[in-house]
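Single-letter residue listing:
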Amino acid sequence: MIRAFHRWPGLIALALVTVLALSGAVLAVFPVAERIAAPQAGAELSVATLAERIQTIYPGLEQIRRAPSGQITAYWFEAGQPGAAVIDPTTGRGVASADPNAFQRWLTNLHRSLFLGDPGRVASALGSVAMLVLSVSGVLLVARRVGGWRNWFSRLRGPLAGRLHVEIARVAVIGLLLSSAASLWMTASTFELIPDGGPSLGVPAEVSGQTDVPLAGLAMLSDTPVTELRSLSFPYDGDATDVFTLKTDRGTGYLDQGTGAVLAWADLTAWQRITETIYMLHTGQGAALLGAVLGLMALGVPVMGLTGLTIWLAGRRGRPRIRDNQPAARAETILLVGSESGSTWGFAATLHAALRAAGQSVHIAPMSSFAPERYARADRIIMLAATYGDGAEPSSAKGFLTKLDACSDAQDIPIAVLGFGDRSFPAYCAYAQTIADTVEAKGWPVLLPYDTIDRQSPQAFARWGQALGVALGIALDLHHQPTPPATTELTLQSRRDYGADVQAPTSILRFSLPRATFWQRLTGAGFTRFAAGDLIGILPEGSPTPRLYSLASSRRDGFLEIVVKKHPGGLCSGQLTALEPGESIRAFVRRNPAFRPDHSRAPLILIGAGTGIGPLVGFVRENEQRRPIHLFFGMRDPQSDFLYAQEMGGWKDEGRLSRLVTSVSRGQRPRYVQDAMRADAPELVRLVQSGARIMVCGGRDMAAGVADALHDILAASGLSATKLKTEGRYVEDIF
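A brief look at the structure comes next.

Cut-offs used in this document
Residues numbered from 1 in each chain as written. Predicted model: local features only at pLDDT ≥ 70, side-chain atom pairs only at ≥ 80, totals over all residues. Heavy atoms only, no water. Pairing = 2+ DSSP bridges. Helix = DSSP H or I, 4+ residues; strand = E, 2+ residues; numbered from the N terminus. Axes fitted to C-alpha atoms, helices over the stretch in contact; angles between N-to-C directions. Phe/Tyr/Trp six-rings, centres within 6.5 Å; stacked < 30°, edge-to-face > 60°. Buried < 20%, exposed > 50% of the residue type's maximum accessible area, 1.4 Å probe, protein only. Left-handed = near helix turned anticlockwise from the far one by under 90°. Contact = heavy atoms within 4.5 Å.

1. Re the sheet that holds strand β4 (residues 94-97)
Right, on to step 1. Pairing is antiparallel in the open sheet, where eight strands are placed in the order β4-β3-β2-β1-β5-β6-β7-β8. The two strands at the open ends of the sheet, each matched to only one other strand, are β4 and β8 (262-267). On average, each strand axis in the sheet is tilted by 20 degrees relative to the strand beside it, whichever way the strands run.
Right, on to step 2. Sheet analysis places strand β2 (residues 72-78) next to strand β3 (residues 81-87), joined by seven bridges and oriented antiparallel. Note that in β3 the partner of Y75 across the bridge is A84.

Encoded structure:
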C-alpha cells in the first residue's frame with residue numbers, strides 16, 4: 001500500500017513536481033545573492049538617522065522599506081515623478097536600481113501559478129500535495145529498506161538507480177517536507193482558507209496637528225534600530241492629520257508627525273509569527289543560507305523522478321507477457337510470483353513455458369492474488385519469491401502472508417518455494433524463508449524442499465528445475481536467458497596453470513584492459529571502474545547466457561585477472577582454460593559493492609578455497625595501508641594447486657598480508673579450511689571481538705562448513721555469524 005501511495009503520485013505528477021522543484025531551486029539563489037549584494041546597516045544605526053540621511057538627498061521621501069535580506073529601498077516623488085533606489089545606509093544615497101529582476105518575477109509567476117492565475121495556483125498546490133505524499137511515503141519506504149530508523153544512513157546495495165534514488169531521498173526529504181508543507185500553507189493563505197491572524201489597528205482619531213518636527217526628535221524612530229525595521233511610511237506632505245506608519249519586527253504602529261507620540265500600536269501575534277516563519281522557510285527571505293540548502297535539496301527532485309521512472313520501467317520491462325496462461329480454476333500448476341524489480345518474472349516465464357511444453361496446464365499470477373479456494377484442479381503450487389529490503393515482501397506479493405495465515409486449514413495441494421536474492425545481503429531470501437516456514441507450520445504438503453537462487457544464477461535455476469522435473473515425473477530443462485548487457489572484447493595477456501596433478505585444472509588468467517572512450521571515462525562505464533570482488537560476466541561461444549567470475553584485480557592494477565577451474569563439460573570454463581595469450585573473449589563488468597573490504601583499520605579475516613582465492617588475493621594486493629589481514633586458504637595439494645604461492649611471501653614481507661593459514665584436503669591427514677579455523681579458534685575469537693570483518697569466497701559446501709565452524713567457534717563468546725551478518729561484518733561471495 002505504501003509503495004502504491006509513493007509510486008502513482010510520483011508518476012502522475014512527475015512533470016509538475018519537477019517544474020516546481022527546479023523553479024524553486026533557482027528562486028532560492030536570489031535571497032542569497034541579495035543578501036551578499038545589499039549594503040548592510042550597522043546595529044547602532046537608528047531609523048531616525050537613516051531617514052534623515054535619505055531625506056536630505058531625496059526631499060520628497062515617501063517610504064523606506066527594509067527587506068529580510070537587509071536591503072534598504074527608498075521611494076520618493078521629485079518634480080511630480082516617482083523615484084526609487086536601493087540605499088546605502090551609511091550615506092543615504094541610492095546605489096542600485098529598485099526595479100524588480102524581470103527573470104525573478106517571471107520565475108516566481110511560473111513557480112506560484114504556472115502563468116495561469118488562480119487555476120495555476122491550484123495546480124501548484126496539487127503538486128505540493130503530491131510532493132508531501134511522496135516525502136511521507138518515501139520516509140516510510142526508506143526506513144523499511146534499511147531495516148529501521150537507526151539504520152537511516154546505512155550503506156545501500158543494489159542497482160545504481162535504486163541506490164541513487166534512496167541516497168538522495170534520505171538527505172533531501174526533510175527539505176522537501178518543509179517546502180511542500182509551507183507551500184500548501186501559503187496557498188491556503190492566498191485563498192483566505194486560513195485567517196491572517198493579525199490584530200485590527202484603527203486609524204487614530206486625534207493628532208497634534210503639528211508638522212515639520214525634525215526626525216531626530218521623534219523618540220520612537222530614534223529608539224528603533226534599522227536592523228528591526230520593516231517599513232516606514234511618511235505622512236502626506238502638507239496634511240497635518242496624516243501620521244507616520246512604522247512596521248518593525250515587533251509590531252505595527254502609528255506615530256504623530258509632530259510629537260512622535262505613539263498613537264496606536266499592535267504587537268505581532270503568535271499566528272503572524274508562524275505565518276512569517278513558514279514564508280521564510282519556503283522562500284528563504286530572511287534565512288538565505290537555509291533557503292540555499294532547501295534549494296539544493298529541491299534539485300534532487302528531478303534526479304529522483306528520473307531514477308524512480310527508471311525503476312518503474314525496469315519493473316515493467318522485467319515482467320514479460322505470458323502466453324496461454326490458463327485460468328486459475330482450470331490449471332494443474334499454480335505458479336505464483338513475488339517480485340520487486342521484475343527480474344523474478346523472467347524466471348517465472350521460463351518455468352511457465354517449460355511446464356507448458358511438458359504438457360502441463362499452468363496459471364501464473366502475482367502472489368498477491370493467492371486464492372486457494374479458486375484452485376479447483378490444482379495438483380501443485382509453486383512460489384518464486386524475491387525479498388525486498390530487510391526481509392520485507394516484494395511489491396507483487398502484497399498481502400500474501402496475511403492471506404496464507406487466514407487459511408484455517410491447509411489445502412491438500414503440495415507447495416514448492418524458491419527464493420531469489422543476493423547472498424551478500426544479511427536478509428538473504430528472508431521473505432521466501434518466511435513463506436517456507438509458514439507453509440510448514442500450517443501443515444501444507446511439500447512438493448520440493450525449500451531452495452534459493454543466488455544473484456539470478458541461470459545455472460542454479462536449471463539445477464532446481466531438474467529436481468522439480470524429478471518430483472513431477474517429467475523431463476524439465478530450464479534454460480533461462482536473461483538479456484545480456486553490452487560486452488567488450490578482452491585479450492588474454494598471460495596465464496598460469498595449476499591443479500592438473502589433482503584432477504582440478506585451474507588457471508589464473510590475466511587480460512589487458514580495453515581502451516576506453518572519453519564518455520566511458522566520464523561516466524565510469526565499461527571497464528573504466530572496477531574493483532577486486534566485482535564480477536565479470538563472460539559470454540561463451542555457443543550460449544547467450546553469461547557466466548560470472550569474481551575479479552582478482554582492480555582497475556588501478558592495470559590488468560583484469562580471474563581464477564578459473566575447468567569443470568567437466570563446462571562450456572565457459574572449458575573455453576577459458578583453453579584460451580591462449582593473444583586470444584579474446586566478450587565480457588562485461590557487474591558491480592558487487594557488497595563484497596568489498598570496508599575502509600576501517602579493523603582486522604580482516606579472509607576465508608576461501610580453490611578458485612575462491614581470486615577476490616581475496618585482490619584485497620591483499622591492494623592493501624597499501626597495511627591493514628591486518630589474516631588469510632585462510634584451502635587447497636588440494638601444495639605442490640599442484642597452491643594458487644598465488646609466489647606472491648604470498650612478497651605480500652607478507654611488504655606488510656600487505658599479516659598471516660597465512662593453509663589447509664590441504666589431499667594427503668595422509670586431510671584438512672579443510674573449516675578445520676584450520678577450528679584449530680585457530682582462540683585467535684579468531686580474539687580478532688572478532690576486536691572488530692574484525694570476515695569475508696568468505698568459494699563453493700556452497702565450503703561456505704556452509706565455514707558458517708558451521710564459525711558458529712561453534714563464537715558460541716562461547718556470545719557472538720554468532722548471524723549477528724555479524726546483521727552488523728555487516730560477515731559477508732559471502734558463494735558460487
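Still more to cover.
2. Observations concerning the packing of aromatic side chains
Right, on to step 1. Within this structure, the stated rule accounts for 17 aromatic pairs.
Right, on to step 2. Between F461 and W464, the aromatic rings sit 6.0 Å apart at their centres with planes inclined by 15 degrees, giving stacked as the arrangement. Residue F461 and its partner W464 are located together in helix α15 (residues 458-472), separated by three residues, close to a single helical turn.
Right, on to step 3. For W464, a relative accessible area of 4% translates into the label buried.
Right, on to step 4. Here F527 and F530 contribute two aromatic rings whose centre-to-centre distance is 6.4 Å and whose plane-to-plane angle is 80 degrees, an arrangement assigned as edge-to-face.
Right, on to step 5. Given a relative accessible area of 5%, F527 falls into the buried group.

3. A closer look at the packing of helix α2 (residues 14-27) against helix α5 (residues 102-113)
Right, on to step 1. One can describe the packing of α2 onto α5 by two numbers: an axis separation of 9 Å at closest approach and a directional angle of 150 degrees. As for the relative orientation of α2 and α5, their crossing is left-handed in sense. Residues V19, L20, S23, G24, V26 and L27 of α2 form the contact with α5, whose own contacting residues are F103, Q104, L107, T108, L110 and H111.

4. What to know about the sheet that holds strand β16 (residues 535-539)
Right, on to step 1. Taken together, six strands build an open sheet; the order of strands is β17-β16-β19-β14-β15-β18 and the sheet is antiparallel. The open sheet has two edge strands, β17 (547-550) and β18 (559-565), and neither has a second partner. For this sheet, the mean inter-axis angle between neighbouring strands, taken without regard to orientation, is 40 degrees.
Right, on to step 2. Here four bridges tie β16 to β17, and the two strands are oriented antiparallel to one another. Within β17, the position partnered with L535 by the bridge is S550.

5. Details of the pairing of strand β23 (residues 693-698)
Right, on to step 1. For β23, the buried fraction is high: six of the six residues fall into the buried class.
Right, on to step 2. Burial of the side chains of β23 extends over both faces: R693, M695 and C697 are buried on one face and I694, V696 and G698 on the other.
Right, on to step 3. Strand direction decides the pairing type here: strand β20 (residues 604-609) and β23, joined by five bridges, are parallel. The residue of β23 that forms the bridge with I605 is I694.
Right, on to step 4. One ladder, built from five bridges, connects β23 with strand β24 (residues 730-734); its direction is parallel. Bridge pairing links M695 to V731 in β24.

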